[in-house]
Amino acid sequence: MTATAPQSLATLPLGDDALILSQRLGEWAGHAPVLEEEVALANIALDLLGQARALYAGLSDVLGSEDEIAYLREERAFRNCQLVEQPNGDFAHTIVRQLFFSAYQQPLYARLAPVLPLAAKAVRETAYHRDHAEQWTVRLGDGTEESHARTQRAADALWRYTDELFEPIEGLEVEWQELAEEWKADIREVFGRAGLTVPQGPGKDAWAAGAGRQGLHTEPFGRLLAEMQHLHRSHPGATW
Amino acid sequence: MTSVTSPPRGGTAGAEAHGGPGAAEPGGPEAEGALQEAFDAAVAADERIEPRDWMPDAYRSTLIRQIAQHAHSEIIGMQPEANWITRAPSLRRKAILMAKVQDEAGHGLYLYGAAETLGASREELLDKLHDGRQKYSSIFNYPTLTWADVGAIGWLVDGAAITNQVPLCRCSYGPYARAMVRICKEESFHQRQGYELLLALARGTEAQCAMAQDAVDRWWWPSLMMFGPPDDESAHSAQSMAWKIKRHSNDELRQRFVDICVPQAEALGLTLPDPDLRWNEERGHWDFGAIDWEEFRQVLKGNGPCNEQRLRRRRTAHENGAWVREAAAAHAAKHAARSAS
Ligand SMILES: [Fe+2]
Ligand SMILES: [Fe+2]
């Protein structure tokens with residue numbers, strides 16, 4: 001097991017994924033389509049925030065406190081994939097983003113469980129997130145003409161950010177190709193039940209998507225960070 | 001909780017007298033009299049009234065109005081605090097705040113559920129909120145301008161809510177009383193977390209301390225107004241007291257709240273913005289200054305700083321969610337049809 005333990009910064013991309021998606025989901029508070037979803041989206045956001053904090057805690061020797069990691073890094077230092085930073089859009093957009101991400105994160109955590117500081121609890125949490133997203137994808141895909149169209153549009157728009165998920169993260173010993181195939185099969189299966197078409201285009205545009213792991217992000221990310229960090233940065237050295 | 005769409009609206013058909021066997025057959029005016037007597041006796045004996053029990057129409061409608069207003073306050077109350085989720089200055093505070101706002105949504109769910117046991121559907125109550133026929137607590141018509149406001153809301157607004165709501169745990173209507181037990185437990189967490197947030201600011205930098213004081217200055221008086229108008233002007237109080245829906249008068253609860261807050265403010269090292277605040281040895285309570293009831297009436301009338309914004313945001317969320325709710329219903333119907341065939 002020690003042989004495959006992640007190298008010092010290998011878990012940073014996972015922590016950043018969790019933090020940034022949590023931040024996006026937090027924007028839904030007070031805006032959800034039904035009260036039950038206020039609770040569910042907040043639940044997922046809280047789980048992800050907890051995962052980010054656990055992963056950051058494992059990096060404190062190298063990067064400092066969790067708040068230094070979250071609030072004091074510049075945009076180019078974040079290693080999250082571009083999928084999670086994409087704006088919420090409508091509910092269909094948020095659900096498809098969640099499906100794409102949790103169908104990746106859940107099997108990834110399951111594979112890494114023996115060597116990650118957050119392990120078993122996070123695997124259970126992500127299984128719930130995935131189930132929630134799958135159920136909604138099927139409901140929306142199958143529901144009405146409008147919900148079907150919105151969900152298909154969301155899938156088409158977000159597809160280009162999916163190949164990046166399987167770019168090997170240095171220091172994590174994972175069969176990335178196998179993970180990618182499993183993911184595609186899962187998405188095909190859920191889309192089949194939902195009556196949705198799996199997008200055909202490339203999962204990664206040559207010029208745009210796919211560099212989040214190298215610290216290259218999309219325009220909306222700068223605004224997300226500005227909002228998240230401004231108060232903390234306005235009071236240097238203060239404790240909260 | 002199942003959704004009850006066609007309730008026994010105070011009618012006698014199918015109703016059971018609280019007294020159980022031997023109660024009068026429904027139908028005539030004597031029967032109604034016997035049911036009323038059994039109801040009165042149950043309330044007098046501090047027994048719980050349950051959804052299937054007979055109850056006077058006015059009791060039912062008073063409860064629906066009060067529970068709905070309470071439920072609406074929970075969900076509108078999410079807005080001023082959700083305003084700070086994305087900007088919370090530490091990850092720990094962000095997690096606490098997210099959990100708190102989520103709790104408020106949960107409170108909304110329990111309370112709409114309690115109202116459903118009286119025959120009022122969530123859909124119908126939300127419509128009444130959205131078109132202004134039902135109200136929510138006026139306190140949420142004030143803005144959260146700084147991070148310290150999150151602390152002030154927890155300490156003062158959740159604190160006032162607890163003072164108001166703890167007696168409701170003994171309310172005569174069972175489902176409401178039970179919902180309040182769960183809610184009060186969580187509200188007291190919120191109150192402590194708010195206090196702790198303010199304490200961190202008060203002990204922090206000069207700027208943080210000033211932020212905390214400013215928030216308390218703005219939230220103190222509106223919090224006192226949360227207990228409603230003075231007793232001699234309170235429209236519904238007497239009947240609600242008789243029905244044991246309400247257990248203490250507005251002024252009693254307000255005094256209790258002031259007495260709790262004064263020493264807490266002192267411990268925080270913050271000042272309450274009332275020069276008339278002083279200990280009254282004779283009464284054994286803190287005297288406090290006159291409340292600006294004109295401000296209260298204005299905010300209640302819709303002229304507070306955020307009335308328009310809060311309601312608009314609520315309506316927009318509901319309208320934007322319409323296609324999602326329709327899709328869920330359509331899928332459920334198709335699914336049911338497919339599994340039937
Ligand atoms: Fe609440
Ligand atoms: Fe609360």
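Everything below is about the structure shown above.
Described below are features of the structure shown in this document. (Residues numbered from 1 in each chain as written. Chains lettered and ligands numbered in written order. Predicted model: local features only at pLDDT ≥ 70, side-chain atom pairs only at ≥ 80, totals over all residues. Heavy atoms only, no water.)

## Describing the overall build of chain B
Right, on to step 1. Across its full length, chain B holds 13 helices and 2 strands.
Right, on to step 2. The principal-axis extents of the C-alpha atoms in chain B amount to approximately 70 × 60 × 35 Å.
Right, on to step 3. Residue pairs in contact within chain B that sit at least 24 positions apart in sequence constitute 77% of those at least 6 positions apart.
Right, on to step 4. Surface accessibility of chain B: about 14900 Å² in total, with carbon and sulfur atoms responsible for 54%.
Right, on to step 5. Between the mean site of the 38 positive side-chain charges and the mean site of the 46 negative ones, chain B shows a separation of 7 Å. (Helix = DSSP H or I, 4+ residues; strand = E, 2+ residues; numbered from the N terminus. Contact = heavy atoms within 4.5 Å. Areas by Shrake-Rupley, 256 points an atom, 1.4 Å probe, with all protein chains shown as cover. Lys, Arg positive; Asp, Glu negative; His and termini not counted. Charge placed at Lys NZ, Arg CZ, Asp CG, Glu CD.)

## Digging into the coordination of the iron ion (ligand 2)
Reference geometry at the metal: tetrahedral coordination by four donors gives ideal angles of 109.5 degrees; octahedral coordination by six donors gives 90 or 180 degrees.
Right, on to step 1. Protein coordination at the iron ion (ligand 2): the donors are Glu104 of chain B (OE), Asp158 of chain B (OD), Glu187 of chain B (OE) and His190 of chain B (ND1), at 1.9 to 2.3 Å from the metal.
Right, on to step 2. Around the iron ion (ligand 2), the 4 donor atoms sit at angles spanning 86 to 145°, and that spread fits a shape best called irregular. (Donors = N, O, S within 2.8 Å, 3.2 Å for Na, K, Ca; no water. Tetrahedral: all angles 85-135°; square planar, octahedral: opposite > 155°, others 65-115°.)

## Brief notes about the interface of chain B and chain A
Size of an interface: often given as the accessible area lost when the parts come together.
Right, on to step 1. If you look at the interface, chain B gives 45 residues, while chain A gives 48 residues.
Right, on to step 2. Together, the buried faces of chain B and chain A total about 3900 Å²; carbon and sulfur atoms form 68% of this surface.
Right, on to step 3. In this structure, the connection of chain B to chain A is made through 3 salt bridges.
Right, on to step 4. In this structure, Asp142 of chain A and Lys334 of chain B form a salt bridge, with 3.9 Å as the shortest nitrogen-oxygen distance.
Right, on to step 5. The interface formed by chain B and chain A holds 16 residue pairs in polar contact (both at pLDDT 80 or more) in total.
Right, on to step 6. The element best represented in the side of chain B that touches chain A is helix H4 (residues 91-116) of chain B, accounting for 14 residues.
Right, on to step 7. Taken together, the residues of the side of chain B that touches chain A sort by class into 26 nonpolar, 9 polar and 10 charged. (Buried area = accessible area lost by both parts, 1.4 Å probe. Salt bridge = Lys/Arg side-chain N within 4 Å of Asp/Glu carboxyl O. Polar contact = N/O pair within 3.5 Å; in protein donor to acceptor, adjacent residues only side chain to side chain. Nonpolar A, V, L, I, M, F, W, Y, C, P; charged D, E, K, R; others polar.)

## What about the nonpolar core?
Right, on to step 1. Judged by nonpolar contacts, the single largest core of 173 residues is most densely connected at Leu14, Leu19, Phe100 and Tyr104 of chain A together with Trp147 and Trp155 of chain B.
Right, on to step 2. Apart from residues lying up to four places away in sequence, Trp155 of chain B is in contact with Gln191, Gly194, Tyr195, Leu198, Val216, Cys261, Gln264, Ala265, Leu268 and Leu272 of chain B. (Core = buried A, V, L, I, M, F, W, Y, C linked by side-chain atoms within 4.5 Å. Buried < 20%, exposed > 50% of the residue type's maximum accessible area, 1.4 Å probe, protein only.)

## Observations regarding the coordination of the iron ion (ligand 1)
Residues and elements named next belong to chain B.
Right, on to step 1. Every protein donor of the iron ion (ligand 1) is accounted for by Glu74 (OE), Glu104 (OE), His107 (ND1) and Glu187 (OE), and the metal-donor separations fall at 2.0 to 2.2 Å.
Right, on to step 2. Here the iron ion (ligand 1) is ringed by 4 donor atoms whose angles at the metal span 85 to 139°, and the overall shape comes out irregular.
Right, on to step 3. Motif for the iron ion (ligand 1), donor spacing along one chain: E-x29-E-x2-H-x79-E.

## Considerations on the packing of aromatic side chains
Right, on to step 1. Evaluated as defined, the whole model comprises 20 aromatic pairs over all chains.
Right, on to step 2. Residues Phe39 of chain B and Trp54 of chain B carry aromatic rings whose centres are separated by 6.2 Å and whose planes lie at 80° to one another, so their mutual orientation is edge-to-face. With Phe39 of chain B in helix H1 (residues 29-44) and Trp54 of chain B in the loop between H1 and helix H2 (57-76), the pair connects residues that are 15 residues apart, well separated along the chain. This pair shows no difference in class: Phe39 of chain B is buried, exactly as Trp54 of chain B is.
Right, on to step 3. Ring plane angle 70° and centroid distance 5.6 Å describe the contact between Trp279 of chain B and Trp286 of chain B, whose orientation is recorded as edge-to-face.
Right, on to step 4. On the accessibility criterion, Trp279 of chain B (40% relative accessible area) is partly exposed.
Right, on to step 5. These aromatic residues form a ring-pair network of at least three members: Phe100, Phe101, Tyr104, Trp159, Phe166, Trp183 and Phe191 of chain A.
Right, on to step 6. One Lys or Arg, Arg87 of chain B, reaches over the ring of Trp84 of chain B and ends 3.7 Å from the middle of that ring.
Right, on to step 7. One Lys or Arg, Arg182 of chain B, reaches over the ring of Tyr110 of chain B and ends 3.8 Å from the middle of that ring. (Phe/Tyr/Trp six-rings, centres within 6.5 Å; stacked < 30°, edge-to-face > 60°. Lys NZ or Arg CZ within 6 Å of the ring centre and 35° of its normal.)

## A short note on the side chain of Arg93 of chain B
Right, on to step 1. Inspection of the secondary structure puts Arg93 of chain B in helix H4.
Right, on to step 2. On the basis of relative accessible area, Arg93 of chain B is assigned to the buried category, the value being 3%.
Right, on to step 3. What Arg93 of chain B contacts, discounting residues up to four positions off in sequence, is Trp240 of chain A together with Ala88, Trp147, Gln193, Glu196, Leu197 and Ala200 of chain B.

## Thoughts on the packing of H2 of chain B against helix H7 (residues 174-202) of chain B
Residue and element names in this part refer to chain B.
Right, on to step 1. For the pair H2 and H7, the least separation of the axes is 13 Å and the interaxial angle reads 25°. Here H2 is positioned roughly parallel relative to H7, judged by the angle of their axes. The two elements H2 and H7 cross, and the hand of that crossing is left-handed. Listed contacts from H7 to Leu63, Gln66, Ile67, His70 and Glu74 of H2 are Tyr176, Met180, Ile183 and Glu187.
Right, on to step 2. Residues of the contact of H2 with H7, tallied by class, amount to 5 nonpolar, 2 polar and 2 charged. (Axes fitted to C-alpha atoms, helices over the stretch in contact; angles between N-to-C directions. Parallel < 35°, antiparallel > 145°, perpendicular 65-115°, else oblique. Left-handed = near helix turned anticlockwise from the far one by under 90°.)

So far we have only geometry, and geometry alone does not tell us how the molecule works.
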